[in-house]
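Report on the structure
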Amino acid sequence: MPGTLVAMPGALPEGESVPRDGSLPAAATRAVGARGFGVYVHVPFCASRCGYCDFNTYTAAELGGGASRESYADSVLAELALARRVLGDTPPRRVDTVFVGGGTPTLLPADDLARILDGIDRTWGLAADAEVSTEANPESVTPESLKTLRAAGYTRISLGMQSAAPGVLAILDRTHSAGRAVAAAGEARDAGFDHVNLDLIYGTPGERAEDFAASLDQVVAAGVDHVSAYALIVEDGTRLAARMRRGELAYPSDDVAADRYLAAEAALDAAGFSWYEVSNWARSEAARCRHNLLYWTGADWWGLGPGAHSHVGGVRWWNVKHPTTYAQRLAAGESPGLARELLTPDEAHMEDVMLRLRLAAGLPLDVLDDAGRAGAERALAGGLLAAPEYAAGRAVLTLRGRLLADAVVRDLLP
């Protein structure tokens, strides 16, 4: 399906161990930031766990001892100090983007989020036009907290709306009311945020076409300039998966998800939004999420927080998952890195094709090998790639191609 819900996963991959001091190969740090540099901050706290969620997040009851919201900002600042030591004399030119995700970042006091942003600025310096985003649940912000965040330098907020239908929110175990997300979006605009996003999930069991249409209507009426819409995926180990195994809920339908995607494209296009990534629409180029574009185009970023992933100079690593272990590692002066991997040229090429093909800009045909070019020709003949762009030397998905994006990617790779 065109869009799947992605965030900080609960399970981490395997890799080689990270040195205790977090040091990187010299080759990895030589050109840090040449293609852009961002900072991701993972805040692993939630007031309650949604039924579909398998992200690396913790409620107060799940945390145990050794970690707390109150001390979390200090741990992040300690990792920032380590990051500065690791990059040493080759810091990025400036931080282009910051994205605070979770979890629910806005469960931290706004002053702590401000302190973290100030720490990033003091460590590397924020570019004059830096995009600074935070995620938030609609019920976790107030007009006052939003004004504090905006005054601290946050320019963009992404609110988890998911649906306007109370029944769908109940199935997803969301705790906010159906209208709260739209109200929070208005409060963010009033607080002076440059850009406001609303997230939707489609394909939830029991969701009717009219439910999703109402969600789209509310998003458009909210006056936001960015919308993300993801097909629900059912992850093993979640309450939602357990309910489906017991037969309480039906499994998501690919056909229904495709219909919902087409409905989203039609409604958002009519309202002046344009897709720039398969699951993301913006009212203008300035409204596009530059941090996500940094990921999708192979730039560098440092991920702060438990379970956070980083990528510098072709080296990717990820931190220990649990907040307690994360805090203990840093308190001992050690890297919280759990494992890392050096991407091979083939792996880097695979990721480049997979990610850039999902963008409206597509990817140059000349990055494909002979087999990939043959696959592109088949996709063109099948109506999955746009003919004018193909003639100009780029592989760009058509609307039908977006519905079958994963299949197109497989056909372009060895």
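Counting restarts for each chain, with residues numbered from 1 along the sequence as it is written. With the structure being a predicted model, the display of local features is reserved for residues of pLDDT at least 70 and the display and counting of side-chain atom pairs for 80 or more, all residues being used for whole-chain, interface and lining totals. As a rule here, side-chain values cover all heavy atoms of the structure and leave hydrogens and water aside.

Using the following cut-off: UniProt positions are given in the numbering used here, feature names are shortened, and annotations may be inferred rather than shown by experiment.
Under the annotation held in an unreviewed UniProt entry, the protein carries the name Heme chaperone HemW and is attributed to Micromonospora coerulea. Quoted verbatim from the Function (unreviewed entry) heading of the UniProt record, the comment on the protein is "Probably acts as a heme chaperone, transferring heme to an unknown acceptor. Binds one molecule of heme per monomer, possibly covalently. Binds 1 [4Fe-4S] cluster. The cluster is coordinated with 3 cysteines and an exchangeable S-adenosyl-L-methionine." Recorded in UniProt under Subcellular location (unreviewed entry), the annotation for the protein is "Cytoplasm".

Some thoughts on the overall build of the protein
Note the cut-off: Helix numbering and strand numbering both begin at the N terminus, where a helix is a DSSP run of H or I of at least 4 residues and a strand a DSSP run of E of at least 2. Throughout, the radius of gyration refers to the C-alpha atoms, and the reference size of a globule is 2.2 Å times the residue count to the power 0.38. Only heavy atoms enter the contact rule, under which two residues are in contact if any of them lie within 4.5 Å. Per-residue and other accessible areas were derived by the Shrake-Rupley procedure at a 1.4 Å probe size, with only the shown protein chains allowed to occlude residues. Only four residue types enter the tally: Lys and Arg on the positive side, Asp and Glu on the negative side, with His and both chain ends excluded. A charge is said to be at NZ when it belongs to Lys, at CZ for Arg, at CG for Asp and at CD for Glu.
Tallying secondary structure elements over the protein gives 17 helices and 15 strands in all. What you see for the protein is a C-alpha radius of gyration of 21 Å, in line with the 22 Å of a compact globule of 414 residues. Put simply, 73% of the contacts in the protein that link residues at least 6 apart link residues at least 24 apart. Summing over all exposed atoms, the protein offers an accessible surface of approximately 16800 Å²; the carbon and sulfur share of this is 52%. Computed over 38 positive and 53 negative side-chain charges, the inter-centroid distance for the protein is 2 Å.

As for the pattern of salt bridges
Rule in force here: By salt bridge we mean one thing: a side-chain nitrogen of Lys or Arg within 4 Å of a carboxyl oxygen of Asp or Glu. Burial classes: relative accessible area under 20% of the type maximum marks a residue as buried, over 50% as exposed, and values in between as partly exposed (1.4 Å probe, protein chains only).
Taken as a whole, this structure holds 19 salt bridges when the rule is applied. Here Glu187 and Arg180 are joined by a salt bridge, their closest N and O atoms 2.9 Å apart. The pair formed by Glu187 and Arg180 is uniform in burial state, with each residue classed as buried. Note that Glu210 is salt-bridged to Arg208, the shortest N-O span being 3.5 Å. Judged by its relative accessible area of 45%, Arg208 is partly exposed. In the salt-bridge network here, residues are joined through shared partners; they are Asp74, Asp112 and Arg115.

Here we look at the pairing of strand E8 (residues 274–277)
Stated precisely, the cut-off is as follows: In this scheme, strands are said to pair when DSSP sees at least two bridges between them.
Two strands pair when backbone bridges link them, and E8 and strand E9 (residues 280–282) are joined in this way by 3 bridges, in the antiparallel orientation. Within E9, the position partnered with Ser274 by the bridge is Ala282.

Considering the packing of aromatic side chains
In plain terms, the rule: Stacked, tilted and edge-to-face are the three classes applied to pairs of Phe, Tyr and Trp rings, where Trp contributes its six-membered ring and a pair requires centres within 6.5 Å; stacked means planes under 30 degrees apart, edge-to-face means over 60, and tilted covers the rest.
Here the structure, examined in full by the defined rule, presents 10 aromatic pairs. Relative to Trp281, the ring of Tyr261 lies with its centre 5.6 Å away and its plane at 45°, an arrangement referred to as tilted. Placement of the pair is Tyr261 in helix H10 (residues 254–270) and Trp281 in strand E9, with a sequence separation of 20 residues. A relative accessible area of 0% places Tyr261 in the buried class. Aromatic pair Trp302 and Trp317: ring centres 4.9 Å apart, planes at 75°, arrangement edge-to-face. With Trp302 in strand E10 (residues 300–304) and Trp317 in strand E12 (residues 315–319), this pair connects stretches of sequence that are 15 residues apart. The class for Trp302 is buried, based on a relative accessible area of 2%. Through a chain of ring-to-ring contacts, the aromatic side chains of Phe37, Trp124, Trp302 and Trp317 assemble into a single cluster.

Some points on empty space enclosed by the protein
Where empty space is left becomes clear once a probe the size of a water molecule has been rolled over the atoms. The criterion, for reference: Buriedness of a pocket was judged along seven lines, with at least five required to meet protein on both sides within 12 Å; pockets are open sets of points on a 1 Å grid over the protein atoms alone, cavities are sets where a 1.4 Å probe fits but cannot get out, and lining residues have an atom within 4 Å of a point. Grid points are joined across faces, edges and corners, and a volume is the space filled by probe spheres set on the points. In this count, Pro and Cys sit with the nonpolar residues alongside Ala, Val, Leu, Ile, Met, Phe, Trp and Tyr, while Asp, Glu, Lys and Arg are called charged and the others, Gly among them, polar.
Under the criterion given, the structure shown has 3 cavities of 30 Å³ or more. Grouping the constituent residues of the lining of the largest cavity by class yields 6 nonpolar, 4 polar and 2 charged.

Here we look at the environment of Asn292
Checked against the element boundaries, Asn292 lands in helix H11 (residues 290–296). The buried category is assigned to Asn292, whose relative accessible area is 17%. Separated by 170 residues in sequence, Asn292 and Arg122 have C-alpha atoms that sit 23 Å apart.

Overview of helix H14 (residues 370–381)
The condition is simple: Helix span, as expected, comes to 1.5 Å for every residue beyond the first. Directions from the helix axis toward the C-beta atoms define the arc. Counting of polar contacts relies on pairs of N or O atoms within 3.5 Å, with two restrictions inside protein: one atom must be capable of donating a hydrogen and the other of accepting it, and residues adjacent in sequence are counted only when both atoms are side-chain atoms.
An ideal rise of 1.5 Å per residue puts 16 Å on 12 residues; H14 measures up with 17 Å between its terminal C-alpha atoms. Turning to H14, its buried residues number three or more, namely Gly372, Gly375, Ala376 and Ala379. The buried side chains of H14 occupy one side of the element, clustering within an arc of 105° when seen end-on. The exposed set on the far side of H14, more than 90 degrees from its buried face, consists of Asp370 and Ala381. At the N-terminal end of H14, a side-chain oxygen is found 3.2 Å from the backbone nitrogen of Ala371, two or three residues along, and the residue is Asp369.

Details of the pairing of strand E11 (residues 309–312)
Here E11 shows two buried faces, one formed by His309 and His311 and the other by Ser310 and Val312. Two elements, E11 and E12, share 4 bridges in a ladder whose sense is antiparallel. From the neighbouring strand, His309 faces E12, where its bridge partner is Trp318. What sits between E11 and E12 in their antiparallel hairpin is a turn of 2 residues, with Gly313 showing a positive phi close to 55°.

As for the packing of helix H8 (residues 209–221) against H10
For clarity, the cut-off: Geometry is summarised by axes, namely lines fitted to C-alpha atoms with helices restricted to the contacting stretch, and by angles between N-to-C directions that run from 0 to 180 degrees. In what follows, roughly perpendicular refers to angles from 65 to 115 degrees, roughly parallel to angles under 35, roughly antiparallel to angles over 145, and oblique to any angle outside these ranges. A crossing counts as left-handed when the near helix is turned anticlockwise from the far one by less than a right angle, and as right-handed when that turn is clockwise.
Remark: H8 packs on H10, axes separated minimally by 10 Å, with the N-to-C direction vectors making an angle of 30°. When the interaxial angle is binned, H8 and H10 end up roughly parallel. H8 and H10 meet at a crossing whose hand is right-handed. For the pair H8 and H10, contact is made by Ala209, Phe212, Leu216 and Val220 and by Arg260, Ala263, Ala264, Ala267 and Leu268, respectively. Within the contact of H8 with H10, the residues separate by chemical class into 8 nonpolar, no polar and 1 charged.

Here's the deal with the side chain of Ser140
Position of Ser140 relative to the elements: it lies in the loop between strand E4 (126–136) and helix H5 (143–152). At a separation of 2.7 Å, a polar atom in the side chain of Ser140 contacts the main-chain carbonyl oxygen of Asn137. Other than its neighbours up to four places away in sequence, Ser140 contacts Thr104 and Thr106.

Observations concerning unusual backbone geometry
Residue Gly102 is joined to Gly103 through a cis peptide bond whose omega torsion reads 20°. On the secondary structure map, Gly103 appears in the loop between strand E3 (95–102) and helix H4 (110–124). Positive phi, normally seen in glycine, also occurs at Gln162, with a value near 70°. Position of Gln162 among the secondary structure elements: in strand E5 (residues 156–162). The class of Gln162 is buried, set by a relative accessible area of 7%.

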